[in-house]
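Residue-level structure breakdown
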Amino acid sequence: VFFGLQLHPTQVRCTRNGFFGEDTSLQLLDTLVGFALCVAGPLSEVDVLVRIDQTREAEELRNGYTGKLQDARSSKPEDKEHIQAEVFASGLADDVDGAIQVLLESGMSTPTLRLVVSRVGSLHRAGHVNWSMLCLAWSFWLFTSFRRILYVLERHWHYNVTQDDCSRCESGRLNSAWSSWCNDIAKWCGDPVEVLDVWAACFGAVLALIWLVLFAKLSLDSRGFAATAMVRGWML
């Protein structure tokens, strides 16, 4: 709904002004946020389905499982005896029990997760990535950065191009009322590149893109931690 309400006014403004003027670029950015909300909706359904599937698999694993490999059951007794003999001979029975417990609690069992669990304790659903919240948090990160940049550009465009107030102020032939007004808009008359907020916002946008690239390169067992940290960081 939000995306639909934003789309038509944005199209009208872009047709009339291009990308700048009358806060058109800010309206366009709001429309992109609406698109992010549209993407997060289906992703939330995916999150629910994945959680249901993982819960079902965990219940199947827990069915008849006592927490000890020696009590495990098998449809073929000879397979059970062969596997248990190999595990007990290797002396890794406790490690196997621990790996299965990590799988049940965290949703996956990898060397990294098992190491973390051995040091900090149980990590419920640590291997799970909440994709809908990740999409919203990352979009908000990018939105806050670009909104500040576009706001400065819009004010610069308004006072230099649309209203031409900056030229009037620079002419010097103004009364005292106009002089006060010129002092108020002086920061928008200069080159936007010289505005510190623009550089800070650009840095934030670059960081968001770098984070996304690094996240894509993370192993599956590390993505859950990275996603949770980023989402909670924006919620604070």
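Check the secondary structure of the chain and you find 10 helices and zero strands. Counting only contacts in the chain whose residues sit at least 6 apart along the sequence, the fraction spanning at least 24 positions is 64%. Working note: accessible area of the chain is about 15,000 Å², and carbon and sulfur atoms make up 62% of it.

Bringing the packing of aromatic side chains into the picture now. Across all of its chains, the model carries three aromatic pairs by this definition. Ring geometry for W211 versus F215: centroids 5.0 Å apart, planes at 10°, classification stacked. Residue W211 and its partner F215 are both found in helix α9 (residues 196-217); the two are separated by four residues, about one turn of the helix. For W211, a relative accessible area of 18% translates into the label buried. Sitting over the face of the ring of F215, R223 holds its NZ or CZ atom 5.7 Å from the ring centroid.

This next bit is on the pattern of salt bridges. Counted according to the given criterion, the structure contains two salt bridges. Between R56 and D53 there is a salt bridge whose closest N-O contact spans 2.3 Å. In this pair, R56 and D53 both sit in helix α2 (residues 24-62), three residues apart, roughly one turn of the helix. For R56, a relative accessible area of 38% puts it in the partly exposed group. With relative accessibility at 31%, the residue D53 sits in the partly exposed group. Put simply, R148 and D197 hold a salt bridge, and the shortest N to O gap is 2.7 Å. A residue pair is termed long-range when its members are at least 10 positions apart, and R148 in helix α6 (residues 131-162) and D197 in helix α9 qualify at 49 residues. For R148, a relative accessible area of 30% corresponds to the partly exposed category.

Calculation rules
Numbering of residues starts from 1 in each chain and follows the order in which that chain's sequence is written. Per-residue local features are limited, in this predicted model, to residues with pLDDT of at least 70; the limit for side-chain atom pairs, both in listing and counting, is 80 or more; totals at the level of whole chains, interfaces and linings are taken over all residues. As a convention, hydrogens and water are excluded, and side-chain values are obtained from all of the structure's heavy atoms. The numbering of helices and of strands both runs from the N terminus, where a helix is a DSSP run of H or I of at least 4 residues and a strand a run of E of at least 2. By definition in these notes, contact holds between two residues if any of their heavy atoms fall within 4.5 Å. The accessible surface values rely on the Shrake-Rupley method and a 1.4 Å probe; as for residues, cover is taken only from the protein chains in view. In this analysis, rings of Phe, Tyr and Trp, with Trp reduced to its six-membered ring, are considered paired at centre separations within 6.5 Å, and the interplanar angle assigns stacked below 30 degrees, edge-to-face beyond 60, and tilted for intermediate values. Categorising residues by exposure relies on relative accessible area from a 1.4 Å probe, with only protein chains included: less than 20% of the type maximum marks a residue as buried, more than 50% marks it as exposed, and the intermediate range marks it as partly exposed. Geometrically, a charge over a ring is one whose NZ (Lys) or CZ (Arg) sits within 6 Å of the ring centre while staying within 35 degrees of the ring normal. Any carboxyl oxygen of Asp or Glu within 4 Å of a side-chain nitrogen of Lys or Arg constitutes a salt bridge here.

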